[in-house]
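Architecture at a glance
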Amino acid sequence: QKEVEQNSGPLSVPEGAIASLNCTYSDRGSQSFFWYRQYSGKSPELIMSIYSNGDKEDGRFTAQLNKASQYVSLLIRDSQPSDSATYLCAVQESGGSNYKLTFGKGTLLTVNP
Amino acid sequence: GAVVSQHPSRVICKSGTSVKIECRSLDFQATTMFWYRQFPKQSLMLMATSNEGSKATYEQGVEKDKFLINHASLTLSTLTVTSAHPEDSSFYICSASISLAKNIQYFGAGTRLSVL
């Protein structure tokens with residue numbers, strides 16, 4: 001069974017700090033990786049997608065992928081209170097035609113003013 | 001672009017009744033739609049995948065006769081929870097993908113179902 005593991009947290013950082021979120025996955029053949037942000041009571045919102053080893057930056061967010069270690073991370077620079085949410089790591093299965101996502105349980109991030 | 005509308009946002013029903021949830025892609029044609037369920041403090045669990053014009057593919061452990069999925073057009077999929085029971089109370093979320101970018105899923109706002 002494909003698994004996606006995240007530290008459940010909560011992760012608490014002060015405003016302006018860097019928040020680091022981590023995720024490991026079990027399916028070595030996975031090709032696509034996503035980070036979603038979910039506010040309480042709301043549906044997930046796509047923040048980043050990454051497909052190749054290395055770093056991908058988008059504004060204050062940087063996703064890092066290491067397929068050899070089956071590890072993907074998200075860094076949030078200059079964290080803001082509005083970044084307080086649960087961050088879900090999602091991995092897309094290899095093969096097939098429906099591109100199913102497997103989600104981790106999420107890491108709750110709290111940014112303190 | 002890529003807006004997915006889900007309705008209703010919240011529903012409260014009595015045990016034994018059926019509830020229909022709609023998921024619409026507003027500005028694109030969704031070849032594939034996904035239905036998820038999320039219990040409190042848990043992650044999203046995929047219930048089923050539906051392709052327009054064909055029967056839905058259900059994940060292991062999901063009762064197809066209880067959770068009826070219809071994907072009659074490229075912009076509309078419905079999930080009907082039949083004979084709902086309190087244990088079906090959950091947050092149901094749909095997502096849709098575009099044929100030209102199948103790996104990206106766009107999520108609806110979710111439906112909070114409470115069965116009394």
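Just above sits the structure.
Residues numbered from 1 in each chain as written. Chains lettered and ligands numbered in written order. Predicted model: local features only at pLDDT ≥ 70, side-chain atom pairs only at ≥ 80, totals over all residues. Heavy atoms only, no water.

Applying the stated criterion across every chain, the model contains 10 aromatic pairs over all chains. When the centroid spacing of 5.7 Å and the interplanar angle of 90 degrees are considered together, the rings of Phe103(A) and Tyr36(B) count as edge-to-face. Taken together, the positions of Phe103(A) in strand β10 (residues 101-103) and Tyr36(B) in strand β4 (residues 30-38) put the pair across two chains. For the pair Phe103(A) and Tyr36(B), one class covers both residues: buried. Members of the aromatic cluster, connected to one another through ring pairs, are Phe34(A), Tyr36(A), Tyr51(A), Phe103(A), Tyr36(B) and Phe107(B). (Phe/Tyr/Trp six-rings, centres within 6.5 Å; stacked < 30°, edge-to-face > 60°. Helix = DSSP H or I, 4+ residues; strand = E, 2+ residues; numbered from the N terminus. Buried < 20%, exposed > 50% of the residue type's maximum accessible area, 1.4 Å probe, protein only.)

Grouped together as the largest cluster of nonpolar side chains are 26 residues, with contacts concentrated most on Trp35(B), Tyr58(B), Phe67(B), Ile69(B), Leu79(B), Tyr92(B) and Leu113(B). Secondary structure elements with two or more residues in this core: β2 (10-13), β3 (19-25), β4, β5 (45-51), β7 (67-73), β8 (76-81), β9 (90-98) and β11 (111-115) of chain B. If near-sequence neighbours (up to four positions away) are discounted, Tyr92(B) is found in contact with Gln6(B), Ile21(B), Tyr36(B), Arg37(B), Met47(B), Phe67(B), Leu79(B), Gly110(B), Thr111(B) and Leu113(B). Core analysis: the next-biggest nonpolar cluster, separate from the first, contains 23 residues, Phe61(A), Ala63(A), Ile76(A) and Val91(A) among them. (Core = buried A, V, L, I, M, F, W, Y, C linked by side-chain atoms within 4.5 Å. Contact = heavy atoms within 4.5 Å.)

Looking now at the interface of chain B and chain A. Facing the 22 residues of chain B at the interface are 19 residues of chain A. For the pairing of chain B and chain A, the buried interface totals around 1600 Å² over both sides, and the portion due to carbon and sulfur atoms is 53%. The largest per-residue losses of area from chain B upon contact with chain A belong to Ser43(B), Asn103(B) and Phe107(B), which jointly make up 29% of the total buried on that side. Counting across the interface, chain B meets chain A through one salt bridge. Across the pair Glu59(B) and Lys100(A) runs a salt bridge whose closest N-O atoms are separated by 2.9 Å. The set of elements that each furnish at least two residues to the side of chain B that touches chain A consists of β4, β5, β9 and β10 (101-107) of chain B. At five residues, the largest contribution of residues to the side of chain B that touches chain A is made by β10(B). For the side of chain B that touches chain A, the class distribution of residues is nine nonpolar, 10 polar and three charged. (Buried area = accessible area lost by both parts, 1.4 Å probe. Salt bridge = Lys/Arg side-chain N within 4 Å of Asp/Glu carboxyl O. Nonpolar A, V, L, I, M, F, W, Y, C, P; charged D, E, K, R; others polar.)

The amide bond that connects His7(B) to the next residue, Pro8(B), takes the cis arrangement and shows omega of 0 degrees. Secondary-structure assignment places Pro8(B) in the loop between β1 (4-7) and β2. For Gln70(A), which is not glycine, the phi torsion reads 55 degrees and is therefore positive. Counting through the fold element by element, Gln70(A) comes out in the loop between β7 (61-66) and β8 (71-76).

The next point concerns the state of the cysteines. All names here are of chain B. Scanning the entire structure with this criterion turns up two disulfides over all chains. Put simply, Cys23 and Cys94 are joined by a disulfide, and their sulfur atoms are 2.0 Å apart. Disulfide Cys23-Cys94: torsion about the S-S bond near 80 degrees, hence right-handed. With Cys23 in strand β3 and Cys94 in strand β9, the pair connects residues that are 71 residues apart, well separated along the chain. Here Cys23 matches Cys94 in class, with each residue buried. Looking at the unpaired Cys13, the closest cysteine sulfur is the one in Cys94, lying at 18 Å. On the basis of relative accessibility, which here comes to 11%, the residue Cys13 falls in the buried class. (Disulfide = S-S within 2.5 Å.)

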